[in-house]
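Overview (structure and organization)
In case you want the letters, here they are:
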Amino acid sequence: MRRSYFRLLEGVLFSLPMLFASCGNGDNALEEIINGGGSGGGSSEVTSITVDLSKIDEKYLDTEKTKLQLTVGDEVTLSFTILPAEMASTEVELTSADATILSIDGLKVKALKEGETKVTAKAGDKTAECTVIVKDGYLKWDADQKELVATLMPDTYTTVESSASGVTWAAGTYVVEGDVTINGIITLNGDVDLIIKDGAKLTAMHINGSSSDKKNFRIYGQANKTGQLVVNCPDNDAIAYMATLEVHSCNVKATSSDPGKAGFYNIGLFNVYGGSVDAEYTGSGTGGDGIYLGSNNSMNIYGGDVKVVGKGNSFGINGGPLTVTVYGGKLWAENADNKALSSASTLAKGAGFTGKIETSASGDVNDWTEYTTLPGTPTTEYVRAGY
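First things first, this report covers the structure right here in the doc. (Residues numbered from 1 in each chain as written. Predicted model: local features only at pLDDT ≥ 70, side-chain atom pairs only at ≥ 80, totals over all residues. Heavy atoms only, no water.)

As for the overall build of the protein chain
A count of helical and extended segments in the protein chain gives 2 helices and 37 strands. Looking at the protein chain as a whole, 47% of its 387 residues qualify as buried. For the protein chain, restricting intrachain contacts to residue pairs at least 6 apart in sequence, the fraction spanning at least 24 positions comes to 59%. Surface exposure of the protein chain reaches about 18700 Å², of which carbon and sulfur atoms provide 45%. (Helix = DSSP H or I, 4+ residues; strand = E, 2+ residues; numbered from the N terminus. Buried < 20%, exposed > 50% of the residue type's maximum accessible area, 1.4 Å probe, protein only. Contact = heavy atoms within 4.5 Å. Areas by Shrake-Rupley, 256 points an atom, 1.4 Å probe, with all protein chains shown as cover.)

Below is the structure:
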């Protein structure tokens with residue numbers, strides 16, 4: 001019988017009867033043999049894995065584009081090349097050599113603190129490593145992205161140190177790195193950026209701009225948002241006379257126990273982007289405000305938690321005309337003795353806010369009514385938004 005031969009593999013000839021015999025298990029057998037399937041050929045194991053840095057935004061890479069270079073707070077999702085191609089869907093497991101510097105969540109890495117470490121990717125029994133450099137930074141609101149983003153620390157700044165008396169800050173950046181106490185007034189003599197690192201705390205009696213030349217005061221924290229600014233004033237407003245006050249990612253508590261005074265006083269534009277703000281009058285007598293914005297001033301809440309408490313014949317938020325606009329986060333305002341907001345206050349929902357604004361006479365859990373007359377002026381003792 002005459003035979004025909006087909007060259008299927010280099011150096012191996014299969015006779016036609018032999019080929020037909022091999023395909024005897026079904027219509028797909030020939031396709032499996034040609035494509036390397038079945039038990040006789042092909043690869044069912046990962047042969048290599050590499051971290052594909054070409055798919056990472058260049059702002060997260062070093063100048064040679066061979067390492068990840070992140071700022072504290074950055075989060076990046078990694079991509080990989082796995083060979084052979086038919087194994088590309090193999091599950092990848094990531095591990096961090098130092099979980100205090102870099103945390104892992106699925107295929108996402110997050111920079112936690114300054115340092116250098118490695119991330120290892122494993123697919124099958126193959127691994128790849130990538131060096132990760134983390135630089136110190138802080139969180140700052142990005143108006144375009146509408147979120148807090150990691151920002152590299154400035155090259156020049158002043159480290160805040162404890163003082164037995166008041167201090168004056170010229171324009172510039174100030175950084176709190178530990179537990180710092182200033183037993184007196186912090187006077188701003190220029191626009192100030194204050195960065196409070198995670199785990200650090202600044203305690204002061206009073207922070208003051210100027211009634212005739214108000215300053216811009218911006219307060220930042222880091223990725224874990226555990227930095228604290230605590231201002232407890234027994235004989236005045238706690239934080240006063242700012243053209244602009246911004247809280248980006250820090251926890252700020254401002255209280256006054258002086259009758260007629262406030263936690264925050266005369267703030268032209270008060271923006272809260274993240275972290276928390278706790279503004280309270282803690283004294284007795286005729287009472288005081290949590291926040292006194294002043295006339296034709298405004299407060300915008302984009303994120304974070306804001307709690308405002310007044311007492312006596314004052315308000316949670318006082319002044320006016322003024323506008324409080326909630327874009328995100330949460331607001332709690334109260335004065336159990338009077339009203340949460342002054343009669344010259346306007347409360348509004350900002351674009352994108354989908355939560356409820358509610359009012360209550362008692363603040364009890366079952367005593368809340370949705371407030372729908374917006375923009376408007378609630379007249380109850382308690383007001384909350386985003387709960």
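Brief notes about the sheet that holds strand 11 (residues 126–135)
Taken together, the 4 strands give an open sheet; going across it, the order is 4-11-10-7, and neighbouring strands pair in mixed fashion. Two strands lie at the open edges of the sheet, namely strand 4 (68–71) and strand 7 (93–96), each paired on one side alone. Strand after strand, the sheet turns through a mean of 30° between neighbouring axes, direction not considered. By the bridge criterion, 4 bridges tie strand 4 to strand 11 in an arrangement that is parallel. Bridge pairing in strand 11 places Gln-69 opposite Ile-133. (Pairing = 2+ DSSP bridges. Axes fitted to C-alpha atoms, helices over the stretch in contact; angles between N-to-C directions.)

Some points on the environment of Leu-245
In this fold, Leu-245 is placed in strand 22 (residues 239–247). With relative accessibility at 0%, the residue Leu-245 sits in the buried group. In sequence terms Leu-245 and Asn-271 are 26 residues apart; their C-alpha atoms lie 6.3 Å from each other. Not counting residues up to four positions away in its chain, the partners in contact with Leu-245 are Phe-217, Ile-219, Phe-264, Ile-267, Leu-269, Phe-270 and Asn-271.

Quick notes on the nonpolar core
Core analysis: the largest hydrophobic core is formed by 55 residues, its most contacted members being Trp-169, Leu-194, Leu-202, Phe-264 and Phe-270. Those residues in contact with Phe-270 that lie beyond four places of it in its chain are Leu-245, Val-247, Phe-264, Val-277, Ile-291, Leu-293, Ser-298, Met-299 and Asn-300. One finds Val-109, Ala-121, Ala-128 and Val-132 within the second-largest nonpolar core, a separate group that totals 29 residues. (Core = buried A, V, L, I, M, F, W, Y, C linked by side-chain atoms within 4.5 Å.)

As for unusual backbone geometry
A cis amide bond links Leu-83 to the next residue, Pro-84, at an omega of 0°. Residue placement: Pro-84 occurs in the loop between strand 6 (80–83) and strand 7. Backbone torsion omega between Leu-374 and Pro-375 reads -10°, so that peptide bond is classified as cis. In this fold, Pro-375 is placed in the loop between strand 36 (369–370) and strand 37 (382–385). Unusually for a residue other than glycine, Lys-65 sits at a positive phi of about 60°. Despite not being glycine, Tyr-241 shows a phi value in the positive range, around 60°. Relative to the elements of secondary structure, Tyr-241 occurs in strand 22. With a relative accessible area of 23%, Tyr-241 lands in the partly exposed category.

Observations regarding the packing of aromatic side chains
All told, the structure shown has 12 aromatic pairs when counted by the stated rule. With a centroid separation of 5.2 Å and 20° between ring planes, the pair formed by Trp-141 and Tyr-273 is classed as stacked. Within this pair, whereas Trp-141 is found in strand 12 (residues 137–142), its partner Tyr-273 is found in the loop between strand 24 (262–272) and strand 25 (276–281), the two being separated by 132 residues in sequence. As far as the burial class goes, Trp-141 and Tyr-273 line up, both buried. When the centroid spacing of 5.2 Å and the interplanar angle of 20° are considered together, the rings of Tyr-273 and Tyr-302 count as stacked. Placement of Tyr-273 in the loop between strand 24 and strand 25 and of Tyr-302 in the loop between strand 27 (297–301) and strand 28 (305–309) is noted, with a sequence separation of 29 residues between them. (Phe/Tyr/Trp six-rings, centres within 6.5 Å; stacked < 30°, edge-to-face > 60°.)

Re the pattern of salt bridges
Taken as a whole, this structure holds 6 salt bridges when the rule is applied. Of the charged contacts, one joins Asp-193 and Arg-218 as a salt bridge, the two residues approaching to 2.5 Å between their closest N and O atoms. Placement of Asp-193 in strand 18 (residues 192–196) and of Arg-218 in strand 20 (residues 215–220) is noted, with a sequence separation of 25 residues between them. When its relative accessible area of 22% is taken as the criterion, Arg-218 is described as partly exposed. Its salt-bridge partner being Lys-215, residue Asp-213 comes within 2.6 Å of it at the nearest N-O pair. For Lys-215, a relative accessible area of 10% gives the class buried. Several salt bridges converge on common partners, so that one network encompasses Asp-136, Glu-177 and Lys-197. (Salt bridge = Lys/Arg side-chain N within 4 Å of Asp/Glu carboxyl O.)

Re the sheet that holds strand 5 (residues 75–77)
A sheet is described by the order of its strands in space; here 3 strands give the open sequence 5-9-8, paired in antiparallel fashion. Two strands bound the open sheet, and with one partner strand each, they are strand 5 and strand 8 (102–105). Neighbour-to-neighbour, the strand axes of the sheet open up by a mean angle of 25°, direction not taken into account. As defined by bridge partners, strand 8 adjoins strand 9 (residues 108–111) across 4 bridges and the pair is classed as antiparallel. Bridging from a neighbouring strand, Ile-104 pairs with Val-109 of strand 9.

A look at the pairing of strand 35 (residues 357–360)
Of the two faces of strand 35, the one lined by Ile-357 and Thr-359 and the one lined by Glu-358 and Ser-360 are each fully buried. The sheet contact formed by strand 35 and strand 37 spans 4 bridges and is antiparallel. What sits directly across from Ser-360, in strand 37, is Tyr-382. Strand direction decides the pairing type here: strand 35 and strand 36, joined by 2 bridges, are antiparallel.

Honestly, it's all geometry; don't read function into it.
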